[in-house]
Amino acid sequence: MNWTLEVVLVPVTDLDRAKEFYADKVGFKVDLDDEVASGVRIIQLTPPGSRCSIALEHGLPPMPGTGRMAPGTLQGLQLCVTDIEAARDELVSRGVAVSPVRHLGPTGWAEGKGDTWNSFLSFEDPDGNGWVVQEAPSELSER
């Protein structure tokens, strides 16, 4: 049996602001924006080429046995691209505040590209949820 990661909840304070950020600035596709029950709204968005989506919600009670993250506490979600510099340029052109491209060197993080699998950039959504983008040597379907 496969266990596939398909949806990650991203805690935000303002659904419309977050939807605009992820769709218009980061370029995620809006799959769903619906009030699924009275007072419960869910917005689901998917990064281009990904099989895993993010969900933004308001009014959904936590599943029994789980907790709730405060907006801005989700850190380190990672996206992979095959051209880190093109990805950075696209985000910057859409108005996203993005870090320089960095790699992990012998003395810690350093600016510039590294070897295979060692080039990263980061950005935050309006609530401070932190994302990392990593350069992969090829598309996932080719690995």
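Procedures and definitions
- Here the residue index of a chain counts from 1 through its sequence in written order.
- Thresholds applied to this predicted model are a pLDDT of at least 70 for local features of residues and 80 or more for the giving and counting of side-chain atom pairs; totals over whole chains, interfaces and linings are not thresholded and use all residues.
- The side-chain quantities take in all heavy atoms of the structure and omit both hydrogens and water.
- Put simply, DSSP H or I for four residues or longer makes a helix, DSSP E for two residues or longer makes a strand, and each gets a number counted from the N terminus.
- Under the scheme applied here, a residue whose accessible area is under 20% of the maximum for its type counts as buried, over 50% as exposed, and between as partly exposed, the area being computed with a 1.4 Å probe on protein chains only.
- Note on contacts: a residue pair qualifies if any of its non-hydrogen atoms lie within 4.5 Å across the two residues.
- In this count, Lys and Arg are taken as positive residues and Asp and Glu as negative ones, while His and the chain termini are left out.
- For this purpose, a charge sits on NZ of Lys, CZ of Arg, CG of Asp or CD of Glu.
- To define a nonpolar core, start from buried Ala, Val, Leu, Ile, Met, Phe, Trp, Tyr and Cys residues and group those joined through side-chain atoms within 4.5 Å.
- Definitions used throughout: a 1 Å grid over protein atoms alone; a cavity as a set of points that fits a 1.4 Å probe which cannot get out; a pocket as an open set with protein on both sides within 12 Å along at least five of seven lines; a lining residue as one with an atom within 4 Å of a point.
- Grid points are joined across faces, edges and corners, and a volume is the space filled by probe spheres set on the points.
- The arc in question is formed by the directions pointing from the helix axis toward the C-beta atoms.
- Side-chain atoms alone can form a polar contact between residues adjacent in sequence; in general such a contact is a pair of N or O atoms within 3.5 Å, and within protein one must be able to donate a hydrogen while the other accepts it.
- Ring pairs shown here join Phe, Tyr and Trp side chains whose ring centres sit within 6.5 Å, with only the six-membered ring taken for Trp; geometry is labelled stacked below 30 degrees between planes, edge-to-face above 60, and tilted in between.

## With respect to the overall build of the chain
Alright, step 1. In terms of helices and strands, the chain carries two helices and nine strands.
Alright, step 2. Reading the secondary structure of the chain in the N-to-C direction produces β-α-β-β-β-β-α-β-β-β-β.
Alright, step 3. The principal-axis extent of the C-alpha atoms belonging to the chain is close to 50 × 40 × 25 Å.
Alright, step 4. The buried share of the chain, taken over its 143 residues, is 36%.
Alright, step 5. In the chain, once contacts between residues fewer than 6 apart in sequence are set aside, the share between residues at least 24 apart is 53%.
Alright, step 6. Taking the 12 positively charged and 22 negatively charged side chains of the chain as two groups, their mean positions are separated by 1 Å.

## Some thoughts on the nonpolar core
Note that soluble globular proteins tend to have their nonpolar side chains buried in a common cluster.
Alright, step 1. Within the largest apolar cluster, 27 residues are counted, with the highest numbers of intra-cluster contacts made by Val 10, Tyr 22, Leu 56, Phe 123 and Trp 131.
Alright, step 2. Elements supplying a minimum of two residues to this core: α1 (15–25), β3 (40–46), β4 (53–58), β5 (75–81), α2 (84–93), β8 (120–124) and β9 (130–135).
Alright, step 3. At five residues, α1 tops the list of elements feeding residues into this core.
Alright, step 4. Ignoring any residue separated from it by four or fewer positions in sequence, one finds Phe 123 in contact with Phe 21, Val 26, Leu 91, Val 96, Ala 97, Val 98, Asn 129, Gly 130, Trp 131 and Val 133.

## Considerations on the layout of surface pockets
Alright, step 1. Volume-wise, the largest pocket comes out at about 1,000 Å³.
Alright, step 2. What lines the largest pocket is a set of 32 residues, and nearest its centre among them are Pro 47, Pro 48, Ser 50, Leu 79 and Cys 80.
Alright, step 3. Elements supplying a minimum of two residues to the lining of the largest pocket: β4, β5, α2 and β9.
Alright, step 4. No other element matches β5, which puts five residues into the lining of the largest pocket.
Alright, step 5. Here the second largest pocket defines a volume of roughly 320 Å³.
Alright, step 6. In terms of lining residues, the second largest pocket is bounded by 18 residues, among which Leu 9, Pro 11, Glu 57, Arg 68 and Met 69 are the most central.

## Re α2
One turn of an α-helix holds 3.6 residues; hence residues three or four places apart share an orientation.
Alright, step 1. Among the residues making up α2, those that are buried are Ile 84, Ala 87 and Leu 91. Taken down its axis, α2 places every buried residue within 60° of arc, on the same side. For α2, exposure combined with an orientation more than 90 degrees from the buried face picks out Asp 89 and Ser 93.
Alright, step 2. Those residues of α2 that are buried lie in contact with α1, β5, β8 and β9.
Alright, step 3. By the N-cap criterion, in which a side-chain oxygen at the helix start approaches the backbone nitrogen of a residue two or three places on, α2 is capped by Asp 83, the distance to Glu 85 being 3.2 Å.
Alright, step 4. Looking one or two places after α2, you find Gly 95, whose phi comes out positive at around 90°.

## Describing the side chain of Ser 119
Alright, step 1. Position of Ser 119 relative to the elements: it lies in the loop between β7 (108–111) and β8.
Alright, step 2. For Ser 119, a relative accessible area of 0% gives the class buried.

## Focus on the packing of aromatic side chains
For any pair of aromatic rings, the description consists of the separation of the ring centres together with the inter-plane angle of the planes.
Alright, step 1. A complete count under the given rule lists seven aromatic pairs for this structure.
Alright, step 2. Aromatic side chains Phe 21 and Phe 123 sit 6.3 Å apart centroid to centroid with 50° between the ring planes, which places their arrangement in the tilted category. Highlighted residues: Phe 21 in helix α1 and Phe 123 in strand β8, separated in sequence by 102 residues.
Alright, step 3. On the basis of relative accessible area, Phe 21 is assigned to the buried category, the value being 8%.
Alright, step 4. The rings of Phe 21, Tyr 22, Phe 28, Phe 123 and Trp 131 are connected pair by pair, giving a single aromatic cluster.

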